[in-house]
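# Survey of secondary and tertiary structure
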Amino acid sequence: MYDTSLWLGGKEFKSRLIVGTGKYPSFENMRDAIEASGAEIVTVAVRRVSLPGQGESLLDYVDPKRYTLLPNTAGCYTADEAVRTCYLAREAGLGTLVKLEVIGDSRTLFPDAIGLLEATRTLAREGFTVLPYTNDDPVMAKKLEDAGAAAVMPLGAPIGSGLGIRNPYNIKLILEAVTVPVIVDAGVGTASDAAIAMELGCDGVLMNTAIAGAKDPVAMATAMKLAVEAGRLASKAGRIGKKLYATASSPLEGVPDWTS
Amino acid sequence: MNVTVNGKSMELSDGLTIEDLLARLGVRREFTAVALNREVTPKHQYTESVLRDGDKVEIVRPMGGGR
C-alpha cells in the first residue's frame, strides 16, 4: 500500500517498532513478546558479566543473526562513559548502530543535552550510526542532526512513565526541524500512544516497559505492532480536518417529505 | 598481585594475561568485551595483555535493557 521501510545506517527495516529486552518476567516471555512485536531491531544494555562467567545469556533468546542488535548506553551520566560503552559494544561484536543515552538526572532520567551532543559528535566521527535519546526540543534535535546523528529519538514522556506523548506539538516541530528519521523513544504506555506518535508523522517508536511491564507482554507486543502500523497508515492516508460542528455524510437532497 | 575485576578485588598470580583471566573465570566469549584501565582491549591482544598489580578490568556483554 505505502512504502513502510525505515532506513537506518544504510539498512532497510520493514518494522517501525524497536523494542527493548529489560524487565520481562522471563527470557522465554521476552523472546515470545519480541516475536509478536514484529520488531527487527532490539536494544540491549551493555553490562558486567556475572562472575564466574557461565550462565544464561540474553543472546541465547535473541538471535543476533535474526535481529539487528542496538546496544544502548543506558546508565551513562557523562559523554565519556557513553562513548566508552559504545567502543565496548563494538568490540563485543554488537555493531556500530547505537542508541545513545547520556542521562542528566537519576529521578527523571532526562537527557544531559550538552553531554549528548558531545558524545554524538565523537561517535559519528568514529563511524558509528548514532541514534540519540533526546528531549522533545526541536532546537536540540537540529543540533544533534548537525552533529552527525543518523536519527533523533525524542522522549514522549519520562522513561518508563507510560504517560504517552505529552507534547505532540513539539514532536511536530522536531519533524519539521530535521531531515533524519524521528523515532519516539520513551513514554509510551499503551497502543494508542504508539499510534499517536506515528500519526504525527514519526518514523518509528521505541519502547520497552510498555510491553515488558504489561500483564500479558505478548498480547501487548501484538497490540503495539498493530498500533504502529495503523498509525503509520493513517499518517500517510491523510486525516480529515477538525471542525467544531457536524457535517452530514448523507446527501441532503432527496430526503422524503413527511409533512402532512 | 591484586586486580579489580568487575568491581571485585581478586588476588591473582603474577604474569596472568587477560586470556588467562577469562579462562580462569570461565567467561563465555561470544559477544563479550574487555576494558583494561578504562581502555577497550581488542580480542587479538588478550594473550599478550599481561595484568599488573592495581589494574582494573571490566568484562561486559549484552544484558536485558531498553526503556
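For the structure itself, consult the block above.
Residues numbered from 1 in each chain as written. Chains lettered and ligands numbered in written order. Predicted model: local features only at pLDDT ≥ 70, side-chain atom pairs only at ≥ 80, totals over all residues. Heavy atoms only, no water.

Take the environment of Leu-144 of chain A next. All names here are of chain A. Counting through the fold element by element, Leu-144 comes out in helix α4 (residues 138–146). With 117 residues separating them along the chain, Leu-144 and Phe-27 place their C-alpha atoms 35 Å apart. Non-local contacts of Leu-144, meaning those with residues more than four positions away in its chain, are made with Leu-116, Leu-117, Thr-120, Pro-132, Thr-134, Ala-149 and Val-152. (Helix = DSSP H or I, 4+ residues; strand = E, 2+ residues; numbered from the N terminus. Contact = heavy atoms within 4.5 Å.)

It is worth spelling out the layout of surface pockets at this point. The gaps left among the atoms become clear once a water-sized probe is rolled over them. Put simply, the largest pocket is a space of about 540 Å³. Lining of the largest pocket is provided by 22 residues; of these, Glu-81, Arg-84, Thr-85 and Leu-88 of chain A together with Glu-58 of chain B occupy positions nearest its centre. In terms of residues, the lining of the largest pocket owes the most to one element, helix α2 (residues 79–91) of chain A, which gives five residues. A volume near 250 Å³ is recorded for the second largest pocket. (1 Å grid on protein atoms, 1.4 Å probe; cavity = no way out; pocket = protein on both sides within 12 Å on 5 of 7 lines; lining within 4 Å. Points joined across faces, edges and corners; volume = space filled by probe spheres on them.)

Attention now moves to the side chain of Ser-49 of chain B. Residues and elements named next belong to chain B. Within the secondary structure, Ser-49 is located in the loop between β4 (39–41) and β5 (56–63). Among the polar contacts listed, one links the side chain of Ser-49 to the backbone oxygen of Gln-45, at a separation of 2.7 Å. Sequence-distant contacts of Ser-49, that is, excluding residues within four places in its chain, are made with Leu-16, Thr-17, Ile-18 and Thr-41. (Polar contact = N/O pair within 3.5 Å; in protein donor to acceptor, adjacent residues only side chain to side chain.)

This part takes up helix α5 (residues 168–177) of chain A. Residues and elements named next belong to chain A. Those residues of α5 that sit buried are Asn-170, Ile-171 and Ile-174. In an axial view of α5, the angular spread of the buried residues amounts to 105°, which keeps them on one side of the axis. Of the exposed residues in α5, the ones pointing more than 90 degrees away from its buried face are Tyr-169 and Glu-176. Buried positions along α5 lie against α4, β8 (153–154) and β9 (183–185). (Buried < 20%, exposed > 50% of the residue type's maximum accessible area, 1.4 Å probe, protein only. Arc of directions from axis to C-beta.)

This part takes up the nonpolar core. Among the nonpolar cores identified, the biggest contains 70 residues, and Val-62, Leu-100, Val-152, Met-207, Ile-211 and Met-224 of chain A are the most heavily contacted of them. Considering each element in turn, this core owes the most residues, six residues, to α2 of chain A. Once you skip the residues sitting within four places of it in the chain, Met-224 of chain A turns out to touch Leu-17, Val-188, Gly-189, Thr-190, Ala-191, Ala-194, Met-207, Ala-210 and Ile-211 of chain A. Formed by 19 residues, the second largest nonpolar core is a distinct cluster that contains Leu-51 of chain A together with Val-3, Leu-16 and Tyr-46 of chain B. (Core = buried A, V, L, I, M, F, W, Y, C linked by side-chain atoms within 4.5 Å.)

What follows is about the packing of α4 of chain A against α5 of chain A. A pair of packed helices can be characterised by two numbers: the angle between their axes and the separation between those axes. Residues and elements named next belong to chain A. Following both chains from N to C, one finds α4 and α5 inclined at 30°, their axes separated by 8 Å at the closest point. By the angle between their axes, α4 is roughly parallel relative to α5. Like other packed secondary-structure pairs, α4 and α5 cross with a definite hand, here right-handed. Here Pro-138, Ala-141, Lys-142 and Glu-145 of α4 lie close against α5, whose contacting residues are Asn-170, Leu-173, Ile-174 and Ala-177. Each residue belonging to the contact of α4 with α5 can be placed in one class, and the counts come to five nonpolar, one polar and two charged. (Axes fitted to C-alpha atoms, helices over the stretch in contact; angles between N-to-C directions. Parallel < 35°, antiparallel > 145°, perpendicular 65-115°, else oblique. Left-handed = near helix turned anticlockwise from the far one by under 90°. Nonpolar A, V, L, I, M, F, W, Y, C, P; charged D, E, K, R; others polar.)

Attention now goes to the pairing of strand β2 (residues 8–11) of chain B. Residue and element names in this part refer to chain B. In this sheet, β2 lies alongside strand β1 (residues 2–5) in antiparallel orientation, the contact comprising four bridges. Bridging across to β2, Val-3 finds its partner in Met-10. Remark: two residues form the turn of the hairpin made by β1 and β2, two consecutive strands paired antiparallel; Asn-6 in that turn has positive phi of roughly 50°. (Pairing = 2+ DSSP bridges.)

Time to look at the side chain of Ser-5 of chain A. Residue and element names in this part refer to chain A. Tracing the backbone through its elements, the reader meets Ser-5 in the segment before β1 (6–8). A polar side-chain atom of Ser-5 sits 2.6 Å from a polar atom in the side chain of Glu-12. For Ser-5, the contacting residues outside a window of four places in its chain are Glu-12, Phe-13, Lys-14 and Arg-16.

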